[in-house]
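These are the residues of each chain, in order.
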Amino acid sequence: MVLFDDVLLRYGAGPDILHNVSFSLAPGSFHFLVGQSGAGKSSLLRVMYLALRPIGGRASLFGRDVAQLSRREITEMRRRIGVVFQDFRLIEHLSALDNVALPLRILGQRESELQKNVRELLAWVGLGEHLDALPATLSGGQQQRVAIARAVITRPSLLLADEPTGNVDDQIGLRLLFLFEELNKLGTTVVVATHNESLVSRFHHRQIRIENHSLRAFDPHEAARAQSAHNETAGS
Amino acid sequence: MPRRDLPLERDNAGLFLPAIIGFMVFLAALALAGSMAVDNVLAHWRGAIEAAFTVQLPPVEGESSTAAADRRSRALASLAGVPGIRSAVLLSDTDKARLLEPWLGADAAQLDLPLPDLIAVTLDSSATVDLTRLTTTLQGVSPGAAIDDQGRWRDAIVKGAEAANLALLGLLLLIGLAAALTVVFVARAGLAAHRRVIEILHLVGAHDGYVASQFQRHAFNRGLVGGIVGAGVAAGIFLAAQRWLPGLGSSTLALRPLQWLAVASLPLAGALLAMATARYTVLRSLRRIL
């Protein structure tokens, strides 16, 4: 599903943001990406959702080297990835419903089909009463839930969440993580970046720990199993 | 319903788009209508010239007046037998003097000059006559007979019409170029203003074409509205000029239905140009973004 091999990332002539990062994620796995603020978690996710290209090493998604992807292929691949951004990235002039419906509309789904799904999902994340609300009128936590709903509405193969519980209380945070678990049970590979280790400790998922822009701990046996699964995916 | 994920209608630069496209279409409509009107006049003149020619019968030295009259009659008879010739009229001495008056003055009729006889020939509107063959026939009747088909004037008119059309084409191209550059500016301003939203659209899986389609639809709608107003104002001015300015109201200047249709199609042409330019600009610009 995801394979990073000695990935190096740097902005311009600045210091290394990611330094020789290697790991792989098996399809259907659930990982927490943990580390202090500024450790490089968001940058790692940005490479994974194809907003950045590494300057060294090899990053591949769904069996494809991201450096070899054409512009159209990048878009096609992004359609298989759901992203919850730390800063939400909602479109300000669109209602909560329209923001969540956006990926489905881009995919060309009929309005009659998508309305029901979007309303149901927004109700599930506790925003059933705020369908027509503009992001500016919602609290930070509510905006975060809209962003999460938008990321999962297409049931992506890979879900990347950057601090998805950063603006909500623990109860809502747990509820959102349960939503990610449900998706994971349906086959979605999930990566949740967070610095809230107390929340992480309540789940029994594997962790990728990033410190000072490098991976510090990663189960090598798991990596080997994931590598094998990845090779199978690439070969199929 | 078409999607409007980008609030392009709120852009300041976009607000001017209908006005600018409207002004361009206004200029193009005036230029096109004016050119077609001039074309109509030229076609009318050209038709009049092509439907007439003059036969010159030079005087024969030592010929008696009876023999000369007989020669003129035979020339007129030769012309009368040619299919397509509607009339052949021998000009009187007074008519010839009037023709020479600009060069020889009012006393031209009193001067004893060996002037040729002139026969004014008019043709049926669609008739064509083999002038070379007719000249040979006439020379058999009257030595030295010649035909003047006003080719000099006709050529000048044709060249004038061609030059006018070329100038119009150049003007329309310049207007189109100016309109396209305006759309490029507006589209780039829109891209800069909505860069964040476009980035989000990309990240949630939108192709460049999805983004471009919103710009092109906006440019088309705005361009069409502006174009209709511009062409309408131009048509109003042209009709008013035809009605109120002397000479312009003549039937030769008036546009035919198909020519009005060409003017009426300008708003659509302007809108299509705006749409294509917006799409090209956006697609080209987006390729630079990861």
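A short tour of the structure in this document, coming up. Every chain's residues receive numbers from 1 upward, in the order its sequence appears when written. Lettering for chains starts from A, numbering for ligands starts from 1, and both go in the order in which the items are written. Confidence filtering applies because this is a predicted model: local features only for residues at pLDDT of at least 70, side-chain atom pairs given and counted only at 80 or more, and all residues used for totals across whole chains, interfaces and linings.

## A look at the overall build of chain A
Part 1 of the reasoning: Along the backbone of chain A there are 8 helices and 10 strands.
Part 2 of the reasoning: The C-alpha radius of gyration computed for chain A amounts to 17 Å, which stays within 12% of the reference 18 Å derived for 236 residues, consistent with globular compactness.
Part 3 of the reasoning: Judged by the C-alpha coordinates and their principal axes, chain A covers about 45 × 40 × 40 Å.
Part 4 of the reasoning: Residue burial is a threshold on neighbouring C-beta atoms within 10 Å of the residue's own C-beta, all placed from the backbone, with 20 or more meaning buried, 12 or fewer meaning exposed, and counts in between meaning partly exposed. In chain A, buried positions account for 42% of the 236 residues. Secondary structure follows DSSP: runs of H or I at least 4 residues long count as helices, runs of E at least 2 residues long count as strands, and numbering of each begins at the N terminus. With the radius of gyration taken over C-alpha atoms, the globule rule is written as 2.2 Å times the number of residues to the power 0.38.

## Side note on the packing of helix α2 (residues 17–50) of chain B against helix α10 (residues 266–286) of chain B
Residue and element names in this part refer to chain B.
Part 1 of the reasoning: Put simply, α2 and α10 touch, their axes get as near as 10 Å, and they point 135 degrees apart. Classified by the angle their axes make, α2 and α10 are oblique. You can see that α2 and α10 cross each other, and the crossing is right-handed. Mapping the contact onto sequence places Ile 21, Met 24, Val 25, Ala 28, Ala 29 and Leu 32 in α2 and Leu 266, Pro 267, Gly 270 and Ala 274 in α10. All axes are obtained by fitting lines to C-alpha atoms, using only the stretch in contact for helices, and the reported angles, taken between N-to-C directions, cover 0 to 180 degrees. For classification purposes, angles smaller than 35 degrees are called roughly parallel, those larger than 145 roughly antiparallel, those between 65 and 115 roughly perpendicular, and all remaining angles oblique. Rotating anticlockwise by less than a right angle from the far helix to the near helix defines a left-handed crossing, while the corresponding clockwise rotation defines a right-handed one. Contact criterion: two residues are in contact if their C-beta atoms, reconstructed from the backbone, are within 7 Å.

## Some remarks on the sheet that holds strand β3 (residues 117–123) of chain B
Residue and element names in this part refer to chain B.
Part 1 of the reasoning: A pair of strands counts as paired when DSSP detects no fewer than two bridges linking them. The strand order across the open sheet formed by 4 strands is β2-β3-β1-β4, and the pairing between neighbours is antiparallel. Here the strands that pair on one side only, and so sit at the sheet edges, are β2 (85–90) and β4 (146–148). Within this sheet the neighbouring strands show an average axis-to-axis angle of 25 degrees, counted without direction.
Part 2 of the reasoning: By the bridge criterion, 5 bridges tie β2 to β3 in an arrangement that is antiparallel. Considered in β3, the bridge of Leu 90 is made with Ile 119.

## Comments concerning the interface of chain B and chain A
Part 1 of the reasoning: Listed as interface residues are 13 residues of chain B and, on the opposing side, 18 residues of chain A.
Part 2 of the reasoning: If you tally residues by element for the side of chain B that touches chain A, the top one is helix α7 (residues 195–203) of chain B, at 3 residues.
Part 3 of the reasoning: Across the side of chain B that touches chain A, the residue classes break down as 8 nonpolar, 2 polar and 3 charged. Three categories are distinguished: nonpolar for Ala, Val, Leu, Ile, Met, Phe, Trp, Tyr, Cys and Pro, charged for Asp, Glu, Lys and Arg, and polar for the others, with Gly belonging to the last.

## What to know about the nonpolar core
Part 1 of the reasoning: Nonpolar core, as used here: buried Ala, Val, Leu, Ile, Met, Phe, Trp, Tyr and Cys residues forming one set through C-beta atoms within 7 Å. By size, the foremost hydrophobic cluster in this structure holds 112 residues, and its most contacted members are Val100(A), Ala29(B) and Ala274(B).
Part 2 of the reasoning: Per element, the largest residue contribution to this core is 13 residues, and it comes from α2(B).
Part 3 of the reasoning: Counting 9 residues, the second-largest nonpolar core is a separate cluster that includes Phe53(B), Ala75(B), Leu79(B) and Ala145(B).

## What to know about unusual backbone geometry
Part 1 of the reasoning: Residues other than glycine seldom take positive phi values, yet Asp6(A) does so here, at roughly 55 degrees.
Part 2 of the reasoning: Considering the arrangement of structural elements, one finds Asp6(A) in strand β1 (residues 2–10).

## A word on the sheet that holds β1(A)
All names here are of chain A.
Part 1 of the reasoning: If you walk across this open sheet you meet the 4 strands as β2-β1-β4-β5, and the pairing is antiparallel. For this open sheet the edge positions go to β2 (16–25) and β5 (64–65), each flanked by a neighbour on one side alone.
Part 2 of the reasoning: Here β1 pairs with β2 via 6 bridges, running antiparallel. Residue pairing for β2: Phe 4 is matched across the bridge by Phe 23.

## Quick look at the packing of helix α3 (residues 65–80) of chain B against helix α5 (residues 131–141) of chain B
Residues and elements named next belong to chain B.
Part 1 of the reasoning: Across the interface, α3 lies against α5 with an axial gap of 9 Å and an inter-helix angle of 155 degrees. The pairing of α3 with α5 is recorded here as roughly antiparallel in orientation. Regarding α3 and α5, the two cross each other, and that crossing is right-handed. Residues Arg 71, Arg 74, Ala 75 and Ser 78 of α3 pack against Thr 137, Leu 138 and Val 141 of α5.
Part 2 of the reasoning: Within the contact of α3 with α5, the residues separate by chemical class into 3 nonpolar, 2 polar and 2 charged.

## Observations regarding the environment of Ser35(B)
Residues and elements named next belong to chain B.
Part 1 of the reasoning: Along the polypeptide, Ser 35 turns up in helix α2.
Part 2 of the reasoning: Separated by 129 residues in sequence, Ser 35 and Ala 164 have C-alpha atoms that sit 7.0 Å apart.
Part 3 of the reasoning: Setting aside its immediate chain neighbours within four residues, Ser 35 contacts Ala 164, Asn 165 and Leu 168.

## Section: the pairing of strand β1 (residues 52–57) of chain B
Residues and elements named next belong to chain B.
Part 1 of the reasoning: Judged by which residues are buried, β1 turns out to be one-sided: Phe 53, Val 55 and Leu 57 face inward and are buried, whereas Ala 52, Thr 54 and Gln 56, on the alternate face, are not.
Part 2 of the reasoning: Across 6 bridges, β1 lies against β3 in antiparallel orientation. Residue pairing for β3: Leu 57 is matched across the bridge by Asp 117.
Part 3 of the reasoning: Taken together, the 3 bridges between β1 and β4 define a ladder with antiparallel strand orientation. When the bridges of β4 are listed, Val 55 appears paired with Ile 147.

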